[in-house]
Structure formats: structure tokens, C-alpha cells
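Fold and geometry: a report
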Amino acid sequence: MTRQSHEAPRQGEYGRGDNEDPAVRTAAATAFAAGARALGLVVLPLFVLNLLLTFGNEWPTLWPRLEWRLSTELAALLVALAIWIGWRGALGQRMLGALAALGSTWVVMHYINVTVPSIFGRRLNAYWDSQHLWAVIRMSVENKAFATALTLIVAGLALALLYAIVRLCMLPLVRAAEHDLTRRLLLFLGLAVCALSVAQPWQPERLRPLLAPPVSALLAEQSRLLVLALSADAQGGRFGPGPVFSGTVDALGGADVLIVFAEAYGAITFDKPDIAEALAPSRAQLAAAIAAGDRHVVSARLVAPTFGGASWLSHASLLAGMDTRDPRNYQQLLASSRPSLVSHFAANGYRSVGWLPGIQRAWPEGAFYAFDRYADAERIGYEGPHFGFWRIPDQASMALIHHQEFGKDFSALPASQQEAGPRHRQPRLVVFPTVTTHAPFRALPPFTADWSRLLGADAYTIDERDAAEGVAVAWSNPTPAYLASMRYQFDWLADYLGRHAPADLFTIIVGDHQPIGSVTGPNQPWDVPIHIVSHNRRLLAHFEAAGFVPGLVPPATPFGPMHAITPLLIEAFASPP
């Protein structure tokens, strides 16, 4: 009896286990059920958080587009949560709130990461771009106080809603990580996605889009750019010698020179079929007007140092013959005493004029160019009504140049007859960056056939201004407005060169950069056209020998970067007439 009583429990222990403690089985079942319930509760929150960190951009709008990808950073969060809670225990409410705030910030940065390149056509450079943020805000909210206030309120509510959603999704993740089973599952899931991310360079091409672009890469890039911008070598010795500004400009024969930096005039106007077709009649009209004025034109492409904005980098690149793709080079250039086309023409007896209607505030750095006349928005003498943020229409600016600097009226006589007799003034070099074709390409003034009207206070009627201001700005679909602004630019250029420009005027029309990415589409080159217009066939032949072609359609292959044209200009101007 005693032996049997000892052997019975051993048989139960090593047999089928029917006599196992019910309390143990109940506890195990309860733990498993709790873990399964916790796991089920995190499926939807994980799905929502993953969507918030993987969406793309619905080009050409500012709206996000759902994309079925995986977020490496969400996977890293799961790993961190599992390890932390397994080591230190449950998170407090304060820690949960901080985690939700960080997650919301991460979602906003992801939005910036996918939207800025789509809209502006280039990567963000927070250090340099932030310096112009206030000007962009002013341009966007001009005369729209109510709409601006409403936008700010909606943005604030959206951020509050985002925080609430992220916090609501974080809570079940934290609770799930408090259970052994679900913590192990979350850890495994997070490590699997992280491993997939690490192995991405060696994966087949078709698998690489599975992972969304990480915000951490944006932060790393911006940190690197910040360190570069603030590094010691940013102050000097960063680029080598520029072109040699020597010799004469005798090939011009004393002709006035007009350099028009055509705002947002990019190669997209040739390369994108729908845009090229829409602008073809206006371009043909310009070509006909050039011929009617007894002038000729040759064209090429250049690679601009910027895309979608930062026009000043292109201005400096061409005028100084320096590579300004790195904004530090531009800053260093303006702080230097390097020569430029402006100083070169001044040394050869020209009066240099910077006609800069887009400058609306103090710009002491502009002293680098040493223009004989520096004419910003307050100094060019425009008396008519303002149009949008940029205030002064390009055609009015050109009319004022013609009247004040070229000393001409707008007689009905052909320009060739107006030129009769000797010239009793210095020849001019005029640098004119246009503004009307700047994004958002509104408000667009009407073309005016009577140029003399643009010299006075009645340049435009109140009805004309109100009609232009009444057309809504569409940042999300700016292509129609861009086309309208480009037609306006072709119209006034054609009319001026065909009917009013001095007969011997040497004109350089060069795009400063491509328009914003919401017009161009993604992955476009940084090419811009350059047109040289003159009656001097011998001088134009110098450019043709270098690769320019007759007409307004440039070759598909760029001549080179923007600054590569400067030595050619110096050489051509010095050639015997």
C-alpha cells in the first residue's frame, strides 16, 4: 500500500499529466488569452502608425498619397519598446505623452521629406532655405489675412488631431509590450523589418520600394549640411580661380548689352510635350519678332546651379563665372573682391545698371557687383498699381529701362530710324532679373501694347489690377498659371525686340532655373535655355562655333554649367569687330 501510494503520483507526473494542477493551467490560459487579446488590439494601431510614416506625395498637390510600404523607424520603435519595458517595466503617462509627441513630430518630418522634393523639385536644405522662409510666407499670404488666420487655425487643429491619433495608437503598443508573449512577437517583428532595411542595398530591385524613405536619413543629411555650412573652410579658399576678365569688349562696337535672367524659364518648356505645345505659338511669335527687327538669335542649354528657386545663385554664377551650386560659395563670393562681367564692362567704359525689381528690402551684399546704378523696387521709378507680392510687372520694368537708361521714347518710328545720328552717352550694361514668372505665377498683369502708358501712374487701370488679383492662386496645380506667365513673358519680349529695342542692342536671355517641381514633375534635369539676340552676325558666329544653334530651340545636350558660359562671353566680346 505504501509503495503503491508512492508510485501513483509518479505515474501521473510522467504519464499523460491528467493530474496537473488546474490553477497552473488556468493561469497559463489566462496569460495566453491576455497576450492574444493584446496582440489583436495592436494590429490596427500598428497599421495606422505605419501608414502615417510611409505615405508619399500626390503630385502635383500638397496632399499625401497612401503607399503600401514598411516603416523602418516604426520597427525600431517596437524593438526599443520591447527592450525598455522588458528591462524597466511599464511606461508612465508622462513617458507615453513624450513618445506620442516625438511620433507626431516624426510624421510631420516625414511629410516634409516626401513633399518638399516633389513640390520644389530639389532636396531641402534647412540651413539655407530657412533664411528665406519669411519672404516665402509673405509672398503666400499677401493681402489674405483672413485666409492666413484660417489656415493657421486649421493647421493647429490638424497637429492636435495628429497627436491624439498617435497617442491613441501608442497606448495599445505599450500595453502589448507588458506581456511576455506579445513583447517577444513585437521584438521579432521589429527586428525582422530592421534586418530587411539593413540588407536593402543587397536586395533585388523589386524589393527596395518595400521600405519607405526614413526620416532619420533626412535628419542626418540636414546635420551634415549644417556642419558644412558652419565649418571653418566656409569662409575662404573653397573654390579656385575664376575666369580671367581681361581684354576689351570691342566686338560689341559700343552696343548696349541687356542681360535678362528670365525667372523660372527652364528646359521643361522644350522637354515636356504638353508645355512645349502650349508655348509653341508664343515662341514662334518671339522668333518672328526677332527677325522683323532685323536681328538674329542663337541658343544653347546651360545647367543651372539651382532648381525651383534661389535665383541669385544663377545670377552670381553667370556674372562672376563661378560655381555656386554650394550656397557657401555664393556667400564667399559676395564677401570677396573677385571681378565679374559688371566690373569688366565698367573697365571698358560701360555704365553698369542692376535693374532689380524683385529686391524689396536692404541688400548690402549686393555691393559686391558695384553697379553704377542699383535700382531695386523702390528706385526704378514705377508709379503704377502693384500686382501681387512682386508688385512691378516685367513689361513695366522693361519700359522704364528703355526710357531711363537707353534714353528712348516709344515713338511709332521703327527702332532703326530712332537710332539715326551719333550716340552721346555711355553704352549700358543692364542686368535685369524678371519676377512676373515667379511661382505662384499670379497675379498676372495684362500685356499692354502702348508702352508709354507704363511709365506713369496710369500704367494699368484699377479694373485690370483687380481682375489679375481676382484669379485664385493654385499651388497644387500651378501649370496653367505658369503657362500664362510664360506667354506674357514671350509677348512683351517679342513686342520690345520687334518694335522698340535699340537697333544694335545685344540681348542675352537666360533662364535662371527650372520652375518648381509641381510644374516640372519629378527627376527633371536642371537645364535652362540661353538665347543670344543681336544684329551682329559675325559676333553670333562666335557662339555658333562653340555649339550654339540658330533659332530659339536649343540642342538637347547642355553646353555646360552656368558658369562655363562666362569665359565664352569674355572671349566673344574681345574678338575683333
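Values in this document were obtained by computation on a predicted structure and should not be read as measured data.

**With respect to empty space enclosed by the protein**
Tallied over the entire structure, the rule returns three cavities of 30 Å³ or more. Along its surface, the largest cavity is lined by Phe387, Trp390, Arg391, Ile392, Pro393, Val435, Thr436, His438, Phe441, Arg442, Ala443 and Pro445. The residue makeup of the lining of the largest cavity, split by class, is eight nonpolar, two polar and two charged.

**So, the packing of aromatic side chains**
Within the structure shown, the criterion is met by 20 aromatic pairs. Here Tyr265 and Phe490 contribute two aromatic rings whose centre-to-centre distance is 5.9 Å and whose plane-to-plane angle is 90°, an arrangement assigned as edge-to-face. Note that Tyr265 is positioned in the loop between β3 (257-262) and α10 (268-271) and Phe490 in helix α18 (residues 479-500), a separation of 225 residues in sequence. No difference in accessibility class separates Tyr265 from Phe490, as the two residues are buried. Relative to Phe548, the ring of Phe543 lies with its centre 5.5 Å away and its plane at 65°, an arrangement referred to as edge-to-face.

**Side note on a nonpolar patch on the surface**
A surface patch of nonpolar side chains, amounting to about 500 Å² of accessible area, comprises Leu44, Phe47, Leu66 and Trp68. Counting through the fold element by element, Phe47 comes out in helix α2 (residues 22-52). A relative accessible area of 41% means that Phe47 is categorised as partly exposed.

**So, the environment of Cys169**
With respect to the helices and strands, the residue Cys169 is situated in helix α7 (residues 145-176). Judged by its relative accessible area of 8%, Cys169 is buried. For the pair Cys169 and Val43, spaced 126 residues apart in sequence, the C-alpha to C-alpha distance is 9.8 Å. Sequence-distant contacts of Cys169, that is, excluding residues within four places in its chain, are made with Pro45, Val48 and Leu49.

**Remarks on the pattern of salt bridges**
Counted under the stated rule, the structure contains 16 salt bridges. When the shortest N-O distance is used, the salt bridge between Arg428 and Glu405 registers 3.0 Å. One end of the pair, Arg428, is in strand β7 (residues 428-433); the other, Glu405, is in the loop between α15 (394-404) and α16 (415-418), with 23 residues separating them in the sequence. For Arg428, a relative accessible area of 10% gives the class buried. Of the charged contacts, one joins Asp466 and Arg465 as a salt bridge, the two residues approaching to 3.4 Å between their closest N and O atoms. One salt-bridge network, held together by shared partners, links Arg351, Arg373, Glu405 and Arg428.

**Notes on the packing of helix α3 (residues 72-88) against helix α8 (residues 180-198)**
Across the interface, α3 lies against α8 with an axial gap of 8 Å and an inter-helix angle of 140°. Considering only the axes of α3 and α8, their crossing is left-handed. Seen from α3, the contacting residues are Thr72, Ala75, Ala76, Leu78, Val79, Ala82, Ile83 and Gly86; seen from α8, they are Arg183, Leu186, Leu187, Leu189, Gly190, Leu191, Val193, Cys194 and Ser197. For the contact of α3 with α8, the per-class residue count stands at twelve nonpolar, four polar and one charged.

**With respect to the confidence of the model for the protein chain**
Taken residue by residue, the protein chain gives an average pLDDT of 84. The fraction at 70 or more is 83%. Of the regions scoring below 50 in pLDDT, residues 1-17 engages in two contacts with residues more than four places distant in sequence or in other chains.

**Re unusual backbone geometry**
Across the junction of Ala439 and Pro440, the peptide omega takes the value 10°, indicating a cis bond. With respect to the element layout, Pro440 can be found in the loop between β7 and α17 (462-469). With an omega of 0°, the peptide bond running from Arg442 to Ala443 counts as cis. For Ala443, the location among the structural elements is in the loop between β7 and α17. The backbone of Ala370 sits at a positive phi, close to 55°, despite the residue not being glycine. Mapping Ala370 onto the fold places it in the loop between β5 (351-356) and β6 (373-376). Backbone geometry at Arg391 places phi at a positive 70°, although glycine is not the residue there.

**Some words on the packing of α15 against α18**
For any two helices packed against each other, one specifies the inter-axial angle together with the distance between the axes. The interhelical angle for the contact between α15 and α18, taken along N-to-C directions, is 25°, at an axis separation of 10 Å. It follows that α15 is roughly parallel to α18 by the angle criterion. Read as a crossing pair, α15 and α18 show a hand that is right-handed. Every residue of α18 that contacts α15 at Asp394, Gln395, Met398 and His402 is listed here: Tyr488, Trp492, Tyr496 and His500. Across the contact of α15 with α18, the residue classes tally to four nonpolar, three polar and one charged.

**Side note on the environment of Trp106**
Here Trp106 shows up in helix α4 (residues 93-120). Considered as a pair, Trp106 and Leu53 are 53 residues apart in the sequence and their alpha carbons are 7.8 Å apart. A polar contact is formed between the side chain of Trp106 and the side chain of Glu73, at a distance of 3.2 Å.

**Re the side chain of Ser534**
Among the secondary structure elements, Ser534 is positioned in strand β9 (residues 527-534). In this structure the side chain of Ser534 is engaged in a polar contact, spanning 3.0 Å, whose partner is the backbone nitrogen of Asn536. Residues in contact with Ser534, not counting those within four places in the same chain, are Arg295, His296, Leu505, Phe506 and Leu540.

Cut-offs and rules
Residues numbered from 1 in each chain as written. Predicted model: local features only at pLDDT ≥ 70, side-chain atom pairs only at ≥ 80, totals over all residues. Heavy atoms only, no water. 1 Å grid on protein atoms, 1.4 Å probe; cavity = no way out; pocket = protein on both sides within 12 Å on 5 of 7 lines; lining within 4 Å. Points joined across faces, edges and corners; volume = space filled by probe spheres on them. Nonpolar A, V, L, I, M, F, W, Y, C, P; charged D, E, K, R; others polar. Phe/Tyr/Trp six-rings, centres within 6.5 Å; stacked < 30°, edge-to-face > 60°. Helix = DSSP H or I, 4+ residues; strand = E, 2+ residues; numbered from the N terminus. Buried < 20%, exposed > 50% of the residue type's maximum accessible area, 1.4 Å probe, protein only. Patch = residues over 30% accessible without salt bridge, like charges linked within 9 Å, V, L, I, M, F, W, Y side chains within 5 Å. Areas by Shrake-Rupley, 256 points an atom, 1.4 Å probe, with all protein chains shown as cover. Salt bridge = Lys/Arg side-chain N within 4 Å of Asp/Glu carboxyl O. Contact = heavy atoms within 4.5 Å. Axes fitted to C-alpha atoms, helices over the stretch in contact; angles between N-to-C directions. Left-handed = near helix turned anticlockwise from the far one by under 90°. pLDDT = per-residue confidence, 0-100. Parallel < 35°, antiparallel > 145°, perpendicular 65-115°, else oblique. Polar contact = N/O pair within 3.5 Å; in protein donor to acceptor, adjacent residues only side chain to side chain.

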